Every structure is written in structure tokens, then in C-alpha cells.
Amino acid sequence: LAYCAQSRMLYYTDTADSRGNFRLYQYNLDDGSHQLVGQLNGADPAGPITHPPANLICLAGDLYFIARQSDDLVRIKLDAGAVVSIRKVADLSQNTKAFTEVGDLSVRADGVLFFNADAALWRFDLGGMNGLRPVASTSHDYLAVTFAAGNLVANRTASPASLRLV
């Protein structure tokens, strides 16, 4: 699930159908309508997307996610409510680490991406498309991470109703 403030759209994916297809949809917050945006498991130059994204974030009108079992940061380029392209834009770890399960994504105002994966909280500079590093090891399974008043906050699986400063 991703929210794009500039378009006031929520984006979400479905699970694979019997043929292995999965799609991206948008929900318009202004009129309550749902619309199919496009098919996601088309070919990417780096290889096909084989699983629906487990995480999405909207930046400058496009959607991004970290592909499962990889370090691939993938951009879904959108235009006029349709998928224009799906491309890998970065190898977060230069192919030295494959993230098994990536949790929620959040971007700080200065363009630094934060995400929880493999028992650590990670950061990556989207401006320079470099600088992956763990922020902290954690035994907590974070359900969501976001920024509030400039601080990174998260909720945990063990206590989903409360936010904690990270």
C-alpha cells in the first residue's frame, strides 16, 4: 500500500491469480473509485518481477519497492493513471546481499530511504543511489515505519496499536 500525496491516490496490489498474474490498482481518495493501473509481472531488463511487491512507496509520482529475495530497488513509472515502465533503478547492496523479507518503506525529507529487513533497520540514499548501511540491529518485527515531526517511528508486531520512536 502506498499513498501519493500529490495525486491523492492509494496504490495497492492483488495476489497472483491462477496464471501467476498480479496487478496494481489505485483508489481515488476524492471520489472513492478504484481503477486498474496495470499488470506488474511484465519483463524488467534485470529480470521478471516474480512476486507482487510486499512494500510500496510513492516518490515524485512514481512507485518504488524492493523486490523479494534481492537487493533490487524497482521503480514503477506512472503517467496518467497507467504503468509506463517497470525498471530496476539500483542494487542496494551491489548484489552482495539478498533481503529475504522487506518490511515497510519510509523516506525522510532529505531523500534517505529507511526500511526493515533481515533483523535490521536499513538506510539508503536515494539522491545519490548509494550508501546502504544498517542503522541498527533489531529483534523487533516492525509492521510499519514512517516519519512524524522529523522522527522515525514504527509499530511492532507484538504491539501493533502503539507507535515507538526508533
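> What is the right way to read the pattern of salt bridges from this model?
Pairing is possible between side chains that carry opposite charge, provided their charged atoms lie close to one another. Summed over all chains, the structure comprises 7 salt bridges. Between lysine 88 and aspartate 72 there is a salt bridge; the shortest N-O distance is 3.9 Å. Placement of lysine 88 in strand E8 (residues 82–91) and of aspartate 72 in strand E7 (residues 72–79) is noted, with a sequence separation of 16 residues between them. Here the residues in one salt-bridge network are Asp72, Lys88 and Asp91, joined through shared partners.

> Explain the state of the cysteines here, please?
Two cysteines joined by a covalent bond between their sulfur atoms form a disulfide. Within this structure, the stated rule accounts for 1 disulfide. Across the disulfide from cysteine 4 sits cysteine 58; the S-S distance is 1.7 Å. Sign of the S-S torsion, about 105° for the bond between cysteine 4 and cysteine 58, identifies this disulfide as right-handed. You can see cysteine 4 sitting in strand E1 (residues 2–4) and its partner cysteine 58 sitting in strand E5 (residues 57–59), a full 54 residues away along the chain.

> Looking at this model, I keep getting lost on the sheet that holds strand E6 (residues 62–66). Mind explaining?
Sheets are built from strands that pair by backbone hydrogen bonding, the pairs being arranged parallel or antiparallel. Read from one edge to the other, the open sheet built from 4 strands follows the order E5-E6-E7-E8, with strand pairing classed as antiparallel. Each of the sheet's edge strands pairs with one partner strand only, and the pair in question is E5 and E8. For this sheet, the mean inter-axis angle between neighbouring strands, taken without regard to orientation, is 30°.

What counts and what doesn't
- Residues numbered from 1 in each chain as written.
- Predicted model: local features only at pLDDT ≥ 70, side-chain atom pairs only at ≥ 80, totals over all residues.
- Heavy atoms only, no water.
- Salt bridge = Lys/Arg side-chain N within 4 Å of Asp/Glu carboxyl O.
- Helix = DSSP H or I, 4+ residues; strand = E, 2+ residues; numbered from the N terminus.
- Disulfide = S-S within 2.5 Å.
- Pairing = 2+ DSSP bridges.
- Axes fitted to C-alpha atoms, helices over the stretch in contact; angles between N-to-C directions.

It is worth stressing that arrangement in space is one thing and function is another; only the former is reported here.
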